[in-house]
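Residue-level structure breakdown
As a plain string of letters, each chain reads:
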Amino acid sequence: MLAYIGRRALLAVFTVWAISVLSFAIIQLPPGDYVTSYIAQMASMGSVVTDEEAQNLRIQYGLGQPIYVQYYKWVRLIAQGNFGMSMEWRRPVTEVIGERLWLTVVVSVSALILTWALALPIGIYSAVRQYSVGDYVATFVGFIGLAVPNFLLALVLLYLGFILFNAHIGGLFSPEFQDAPWSAARAWDLAKHLPIPALILGLAGTAQQIRIMRANLLDELRKPYVVTARSKGLSEARVILRYPVRVALNPFASTIGYTLPYIVSGSIIVSLVLGLPTVGPLLLKALIAQDMFLAGTIVLLLGVMTVIGTLISDIVLVWIDPRIRLEDT
Amino acid sequence: MATLVLPVEDQRVFVASQWQLMWWRFRKHRLAVASGIVVLGFYGIVVGADFLAYADPNASEAQRSLMPPQSIHWLDGGRFNPHVYAVKGARDPQSFKRVYRADPGEKIPLRFFAEGFEYRFLGLIPTTRHLIGVEPGLDASRAIFVLGTDVQGRDLFSRLMYGTRISLTIGLFGVAASLVLGVVLGGLSGFYGGMTDTLIQRVIEILRSIPTIPLWMGLAAALPREWSVLQIYFAITIIISLLGWTELARVVRGRFLALREEDFVVSARLVGCSEMRTIFVHMVPAFMSHIIAATTLALPAMIISETALSFLGLGLRPPAISWGVLLQHAQNVQTVAISPWLMLPAVPVIIVVMAFNFLGDGLRDAADPY
Amino acid sequence: MRMLRSRRTIALAVAAVGIVAAAGALAQSKSTLIGKLEGPEVVTDAAKFPRTFREAPQLAEQVKAGKLPPVAERIGQDPLVIKPLHEIGKYGGTWRGGFTGPADFWNGYRCCSGPDHLLFWDYTGDKVTPNIAKGYEMQDGGRTLVLHLRRGMKWSDGKPFTADDFVFWFEDIYRNKDLVPTPSAAMAINGKQGVLEKVDTYTVKFKFPEPYYMLPDVLAGSTDLAGQAWRGAFGLGGYAPAHYLKQFHPKYAGQAEVEKKAKDAKFDSWVRMFFNRSDWSLNPELPVITPWKTVTPINTPTWTLERNPYSVFVDPAGNQLPYIDRVVLTLAENLEVINLRAIAGEYDFQARHLDLAKVPVFIENQAKGGYKLYLDPGDYGGDMIIKFNLSYEADPEIAKWMNTTDFRRALALGIDRDQLNETFWLGTGTPSSVVPADNNKYNPGPEYRKLWATLDLKKANEMLDKVGLAKKDAEGFRLRTDGKGRLRLEIMTLGGQFLQFTQIAEMIREQWKKIGIDLVVQEVERSLALQRTAANEQQLGAWNNDGSEHLFTFPTHVFPFDTIAVVASSGPLYAKWFQSAGTQGKEPPARMKELMAKFKRAYGVPEKERIQLGKDVWKITAEEVYIIGVIGMGPASMGVRVVKTNMGNIPSRQYNSPDGKTPTISRPVTFYWK
């Protein structure tokens, strides 16, 4: 068991390194660099940046050097706990991200909770009443989240929120609470802004979870012990809930590991439309502006989250189901 | 004790072929069957898009900008004579909206198999016949706009037909690419195991850990802008499929691992079959159904990805028409508030995605009939 | 048949009447959203200056507590007196707005910088008036400009604002090669740099080797000499807070010291730190002379600016301006969100980032949001223009046609401007050539409005046939004369701008089919556009020519002026030739050289002659159609304005111009809450 964990952990480190290289490379793919993007922005506002100034900027930002040198610089900074300076925000990357990271987690966790709240009952019902009308209706509802283009839905909800409820448009805080210190009122303000993002993001993940839940439960329900329990006279509800559901939840629970990062990256577009101060819109803007360190750090962060999540999931899975351990050899 | 004699139908079960069993199982899932029919219907639209569209999808006209959908009146004084009313519009000086008034006095009869703009049916036969239309030569105020028009006055229904064609075929190419990559790499991984497996698994894990959007943006931005719309179209499908194959590879690998130890495979090897033969003749057919199911489920993901890419401005661009492009035009406040019919392209997206999902579920349920 | 024809005729007649009626109504309605140009005035007659002053209550408290000197001392002896548009206002309140991120510094400059120009425009955008400088004289045949500063004026931290701040800027910043590697063209006439000298504590002098009559305009416009808030972060602007910046400058603090400071603060170099500390939008500790100063910087989710207690602006009754205490700009990274917030009434005064296409939604929600919608059309001839890259070389056939005047004219005649105006400007623009509004002093005459700017398919087709493009292919597109198939032109557009350039280009594509031209529309993102333009690879580019109403301070979109241009340049190689005085780049054709010569001359001659030269420049541009004018004088670019109904001193129409830093030209210091 320990050997297995050790091996997986080692592989995880290697994966993280590969992700760092890949994320850096991806950021550099588009033509030009931050200075090009910066000049373009200046020019479109009527300020001219001469060639000499551009050269100077490149030297100052260290953009003149070849990519592997820049990458090495970045890795060295990370080793020192410093993720570099964001050229667009002119602040350390950690400061720019730091404010938004935990907000991202809050939104994603809310979405996750909503997903489960929907997926579990629907999944169970669907497995128990397979092929019934109720099954179809429930599955339909569950899958709608997957099918509706979520950016359009976000805009519609934003508008309806304003027209019907005079809700504050987008964001996670009303202006008066944006920079205020923490208080019960601020927390309540945040809670008021969460339903729309959580709904849109949560609906998207529901379908997948329904499938897993249903498939697992169906497998369990066919097992002999269920027949035994029934024949012994237990009520249907107890038969299902008491054991099969709990067993079916096990692999389900192990998927938490990579569901969270999945939701985080899946929320990029919706966050942009809703104007949420999360990591998503930050990443998009950084990619467009080619703000190397900021974009690279966020991509790396998301990648690392996924790797850790998968690692945890796999360990949990192995712990529960010894067969998989053997399969992996 | 008397032996049980099963009714004839159940006896059929014992002698039925694998595919027949699958079909019977599939049929039980009514929603999946219905979805299958829906999907076929959509691909019918793909083939007949030009025929179903009645207006040139690029013909713009400011005087019919943002017309709401017209209602077709089927009866005229008790007789079957489908027609629409002529519509005139102008910009209201107070509200700045374009306001259209239908004139019940002027009826424009609807014709079936009418003459319209020229196109080539199936790319070969030049013709001008469309499903519906009006008398040729009438001006802009006397035409049909079943689903209304967009900002440039282009008919939404016709654009939707062409959009369906591109969106559904882009999905196919992408899925085909994912399929090839997934089966090959997943198969190698599962069949050989060991070092190959570990390597491929790591690659999959790395690819899955990177958030898709930066990857898309990086790759899409690296595409040379000189490429024609068509070339970019193909490049986009390849890009999307680069991430889609991982799921399929996992399934294939899992199947290979499970089957590797099965009796029939071992015996095939012992008898002396080459590896290639073992794989393709004996193993692949065993999980073909799983592949089909997984592929069907990959398609809706392609479609959603295409709309997401268009939203980011990376996917297909005008003058190409796809669901993503149409939704991109609708992604603004004035559409939601004033011209909501422009959001109608979301409906086929929803229907198709749901249909493919149910179809895929049904196929997967039926995939393992034993 | 006869019935049908008569029905058709009647219908046509009805339609015609309807259109006329609608047009009439539209013209009338345009006036409910488009008001009369008006604005506050700067009082220059010293006799009318107030003698006693009042201040905002919270500042009065601080004076009582001994934390601030009395208001008269803070303002000095020469206040900058601004007569509000309607009435004297009241103190108090917060002005909420929206911005899109750390790159959106125009937002704050346009609302809250005062402006801190030495000279500025009056509300008509036409006349140069004193601003931070209380007066000026041109001497020595235009070679010297003397500026009189305001006695007793102070920086926001109480230190005196004197000629020393100008000397510091000129000697230690502008002339420092690390900070400013390339001298600015604004400080030069005919390529020869000038100097800035101190005369006495409150007088400075610009001296040039040749007459530079344009200098007052340059100081008033949005140029490199336009004040610290605008250009301080690049080491330009004309003056700088010497007492504060010295600590970051190697000459005063020592090279080793500034380098250490930079390293500690995690900057790549002392230069980066110096500019960071000089940035009006980033550094709350920077002493400023703007009426509001940054409290929470632009790279946070809320950009807050608060009143400057040492503000030199006052109203004629002696109240120190601004009336409004605080400006709060909240971040919204998505344009739809900003627009929706404006629609919902979450902003008090917002003119930036609002989308013309959403005007009906704004109107619908005016009552609910408690605001009024205004439209401020610009005075420039091209809300949308199409530039030909005249120095294009990559494809000789295309290059040949782009340099054929009648080819360009024919293309201009093939555009149905009324269609575009109705679809994208909601009818509020004016189909036009590139020349500015009729009342602009450089306008060459009313006959130029429609010159080569109407829809004339017959003539366009004739002209194209005549220049040698008569052969067409099976689908009606003209063929190249070198045998390589269809003549295809490419136009580059940027997405996500104030105007839907890509969609407009698509419509033009459909229109040009009728004259046999195949147009390929390529939407690119900014960096790529820049690269291609710089590499002289772009053929046509769509953009707008805002700023061109101030021909000499904003010539970027009039002829090939800038070597770096985004999306659209009329000739990067010609711009190089122009900027390098003929040593680099490619020599332009005769008529363009004539235009460039006249343009250059105008900087050194008195106003009367300059106006004639300006008119000539526009004449040549309009006749040669270097740039196709599509729709002009429209409100698409920052002309859609929402203002809360209870805000006072709001003009019904303001001069919409980048030089005017609209809305600063309406003097937001005089806005107040009723």
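See the structure above.
A brief report on the enclosed structure follows. (Residues numbered from 1 in each chain as written. Chains lettered and ligands numbered in written order. Predicted model: local features only at pLDDT ≥ 70, side-chain atom pairs only at ≥ 80, totals over all residues. Heavy atoms only, no water.)

**Structural notes on the interface of chain A and chain B**
- Between chain A and chain B, the contact holds 48 residues from the first and 46 residues from the second.
- Across the chain A/chain B interface, buried area totals approximately 4200 Å², and carbon plus sulfur atoms make up 76% of it.
- Its largest share of buried area at the contact with chain B, chain A owes to A:Tyr131, A:Tyr136 and A:Phe151, together 15% of the area lost on that side.
- The tally of links between chain A and chain B comes to 0 salt bridges.
- Summed over the shared surface of chain A and chain B, the number is 1 residue pair in polar contact (both at pLDDT 80 or more).
- Elements that contribute at least two residues to the side of chain A that touches chain B include exactly α1 (2–28), α6 (133–147), α7 (150–165), α10 (195–221), α14 (256–266), α15 (268–274), α16 (279–289) and α17 (292–320) of chain A. (Contact = heavy atoms within 4.5 Å. Buried area = accessible area lost by both parts, 1.4 Å probe. Salt bridge = Lys/Arg side-chain N within 4 Å of Asp/Glu carboxyl O. Polar contact = N/O pair within 3.5 Å; in protein donor to acceptor, adjacent residues only side chain to side chain. Helix = DSSP H or I, 4+ residues; strand = E, 2+ residues; numbered from the N terminus.)

**Details of the pairing of strand β13 (residues 302–307) of chain C**
Residue and element names in this part refer to chain C.
- Most of β13 is tucked away, with 5 of its 6 residues classed as buried.
- Note: strand β12 (residues 292–296) against β13, 4 bridges, orientation antiparallel. Bridging across to β13, Thr294 finds its partner in Leu305.
- If you look at the hairpin formed by β12 and β13, you'll find 5 residues sitting between the two strands. (Buried < 20%, exposed > 50% of the residue type's maximum accessible area, 1.4 Å probe, protein only. Pairing = 2+ DSSP bridges.)

**Some thoughts on the state of the cysteines**
Residue and element names in this part refer to chain C.
- Counted according to the given criterion, the structure contains 1 disulfide over all chains.
- Paired by a disulfide, Cys111 and Cys112 hold their sulfur atoms 2.2 Å apart. Linking Cys111 and Cys112, the disulfide has an S-S dihedral of approximately -80° and is accordingly described as left-handed.
- Relative accessible area serves as the criterion here: at 6%, Cys111 is assigned to the buried category.
- Looking at Cys112, the relative accessible area reads 0%, which means it is buried. (Disulfide = S-S within 2.5 Å.)

**As for the pattern of salt bridges**
- Tallied over the entire structure, the rule returns 55 salt bridges over all chains.
- Between A:Arg91 and A:Glu95 there is a salt bridge whose closest N-O contact spans 3.0 Å.
- Looking at A:Arg91, the relative accessible area reads 13%, which means it is buried.
- Its relative accessible area of 39% is what places A:Glu95 among the partly exposed residues.
- The closest approach of N and O atoms between C:Asp325 and C:Arg307, which form a salt bridge, is 2.9 Å. Pair noted here: C:Asp325 is in the loop between β14 (313–314) and β15 (326–331) and C:Arg307 is in strand β13, with a separation of 18 residues, a long-range link.

**So, the packing of aromatic side chains**
Residue and element names in this part refer to chain C.
- Tallied over the entire structure, the rule returns 50 aromatic pairs over all chains.
- A ring pair is formed by Phe166 and Tyr239, whose centres lie 5.5 Å apart and whose planes are at 45°; its orientation type is tilted. With Phe166 in helix α5 (residues 163–174) and Tyr239 in the loop between α7 (228–231) and α8 (242–245), this residue pair connects regions lying 73 residues apart in the sequence.
- Under the relative-accessibility criterion, Phe166 is labelled buried at 0%.
- For Tyr239, a relative accessible area of 0% translates into the label buried.
- Members of the aromatic cluster, connected to one another through ring pairs, are Phe208, Tyr212, Tyr442, Phe552, Phe559, Phe561, Phe578, Phe599 and Tyr603.
- We note Arg231 situated over the ring of Phe234; from NZ or CZ to the ring centre the distance is 4.7 Å. (Phe/Tyr/Trp six-rings, centres within 6.5 Å; stacked < 30°, edge-to-face > 60°. Lys NZ or Arg CZ within 6 Å of the ring centre and 35° of its normal.)

**A look at the sheet that holds β14(C)**
Residue and element names in this part refer to chain C.
- The strand order β1-β2-β14 describes an open sheet built from 3 strands, whose pairing is mixed. The outermost strands of the open sheet, each flanked by one partner alone, are β1 (41–43) and β14.
- As defined by bridge partners, β1 adjoins strand β2 (residues 80–83) across 3 bridges and the pair is classed as antiparallel. If you follow Val43 over to β2, its bridge partner there is Val81.

**A short note on unusual backbone geometry**
- Here C:Gly114 and C:Pro115 are connected by a cis peptide whose omega angle stands at 5°.
- With respect to the helices and strands, C:Pro115 occurs in the loop between α4 (105–112) and β4 (119–121).
- The linkage connecting C:Thr662 with the following residue, C:Pro663, adopts the cis geometry, with an omega of 10°.
- Here C:Pro663 shows up in the loop between β25 (647–648) and β26 (672–673).
- Positive phi is not limited to glycine here, since B:Phe96 has a value of about 65°.
- Relative to the elements of secondary structure, B:Phe96 occurs in the loop between β2 (79–91) and β3 (98–109).
- The class of B:Phe96 is buried, set by a relative accessible area of 2%.

**As for a nonpolar patch on the surface**
Residue and element names in this part refer to chain B.
- A surface patch of nonpolar side chains, amounting to about 650 Å² of accessible area, comprises Trp74, Leu75, Phe80, Phe112, Phe113 and Leu131.
- Listing elements by their share of the nonpolar patch, those giving two or more residues are β1 (73–76) and β4 (111–121).
- Counting through the fold element by element, Phe112 comes out in strand β4.
- Among the residues examined, Phe112 registers a relative accessible area of 41% and is labelled partly exposed. (Patch = residues over 30% accessible without salt bridge, like charges linked within 9 Å, V, L, I, M, F, W, Y side chains within 5 Å. Areas by Shrake-Rupley, 256 points an atom, 1.4 Å probe, with all protein chains shown as cover.)

**Digging into the nonpolar core**
- In this structure, C:Trp169, C:Phe206, C:Val359, C:Met384, C:Trp425, C:Trp512 and C:Ile628 are the most contacted members of the largest nonpolar core, which totals 344 residues.
- Non-local contacts of C:Trp425, meaning those with residues more than four positions away in its chain, are made with C:Leu356, C:Asp383, C:Met384, C:Leu420, C:Leu499, C:Ile504, C:Ile631, C:Gly634, C:Pro635 and C:Ala636.
- By size, the runner-up hydrophobic cluster in this structure holds 9 residues, among which are B:Ala55, B:Ala86, B:Ile108 and B:Val134. (Core = buried A, V, L, I, M, F, W, Y, C linked by side-chain atoms within 4.5 Å.)

**A few points about the interface of chain A and chain C**
- Contacts between the two partners involve 54 residues from chain A and, on the opposite side, 49 residues from chain C.
- A buried area of about 4500 Å², summed over both sides, lies between chain A and chain C, and 59% of it is on carbon and sulfur atoms.
- Between chain A and chain C we count 2 salt bridges in total.
- Our enumeration of links across chain A and chain C arrives at 12 residue pairs in polar contact (both at pLDDT 80 or more).
- Sort the elements by how many residues they give to the side of chain A that touches chain C and helix α2 (residues 34–44) of chain A lands first, with 9 residues.
- Of the residues in the side of chain A that touches chain C, the class split is 26 nonpolar, 18 polar and 10 charged. (Nonpolar A, V, L, I, M, F, W, Y, C, P; charged D, E, K, R; others polar.)

**Side note on the sheet that holds strand β19 (residues 430–431) of chain C**
Residue and element names in this part refer to chain C.
- Read across the open sheet, the 6 strands follow the order β19-β23-β18-β22-β20-β21; overall the sheet is mixed. Of all strands in the sheet, those with a lone pairing partner are β19 and β21 (518–524), marking the two edges.
- Where strand β20 (residues 488–494) meets β21, 7 bridges bridge the pair, whose relative direction is parallel. Counterpart to Glu490 in the pairing with β21 is Val520.
- Where helix α17 (residues 417–424) meets the sheet, its contacts fall on β19 and β23 (627–632), and the angle it forms with β23 comes to roughly 45°.
- Against the sheet, helix α20 (residues 526–534) makes contact with β20 and β21, and its axis sits at roughly 135° relative to β20, the strand it touches most. (Axes fitted to C-alpha atoms, helices over the stretch in contact; angles between N-to-C directions.)

**Describing the environment of B:Val47**
Residue and element names in this part refer to chain B.
- Mapping Val47 onto the fold places it in helix α3 (residues 30–52).
- A relative accessible area of 43% means that Val47 is categorised as partly exposed.
- Linking Val47 and Ser65, residues 18 residues apart in sequence, is a C-alpha distance of 29 Å.
- Excluding residues that lie within four positions of it along the chain, Val47 makes contacts with Leu122 and Arg165.

**Let's talk about the pairing of strand β6 (residues 135–139) of chain C**
Residue and element names in this part refer to chain C.
- Relative to strand β7 (residues 144–148), β6 is paired through 5 bridges, and the arrangement is antiparallel. For Gly135, the partnering residue across the bridge sits in β7 and is His148.
- With antiparallel pairing between neighbouring strands as the criterion, β6 and β7 make up a hairpin whose turn holds 4 residues, including Asp140 at a positive phi of roughly 55°.

**Quick notes on helix α12 (residues 335–343) of chain C**
Residue and element names in this part refer to chain C.
- Counting buried residues in α12 gives 8 out of 9 residues, a clear majority hidden from the surface.
- The distance from a side-chain oxygen at the start of α12 to the backbone nitrogen of Glu336 is 3.0 Å, and the residue carrying that oxygen is Asn334.
- Among the residues trailing α12, Gly345 stands out with phi positive, at a value near 80°.

**Section: the packing of α17(C) against helix α19 (residues 501–512) of chain C**
Residue and element names in this part refer to chain C.
- Across the interface, α17 lies against α19 with an axial gap of 11 Å and an inter-helix angle of 150°. Viewed along their axes, α17 and α19 adopt a mutual orientation that is roughly antiparallel. The two elements α17 and α19 meet at a crossing, and its hand is right-handed. Of the residues in α19, those in contact with Gln419, Leu420, Thr423 and Phe424 of α17 are Gln503, Ile504, Met507, Ile508 and Gln511.
- Taken together, the residues of the contact of α17 with α19 sort by class into 5 nonpolar, 4 polar and no charged. (Parallel < 35°, antiparallel > 145°, perpendicular 65-115°, else oblique. Left-handed = near helix turned anticlockwise from the far one by under 90°.)

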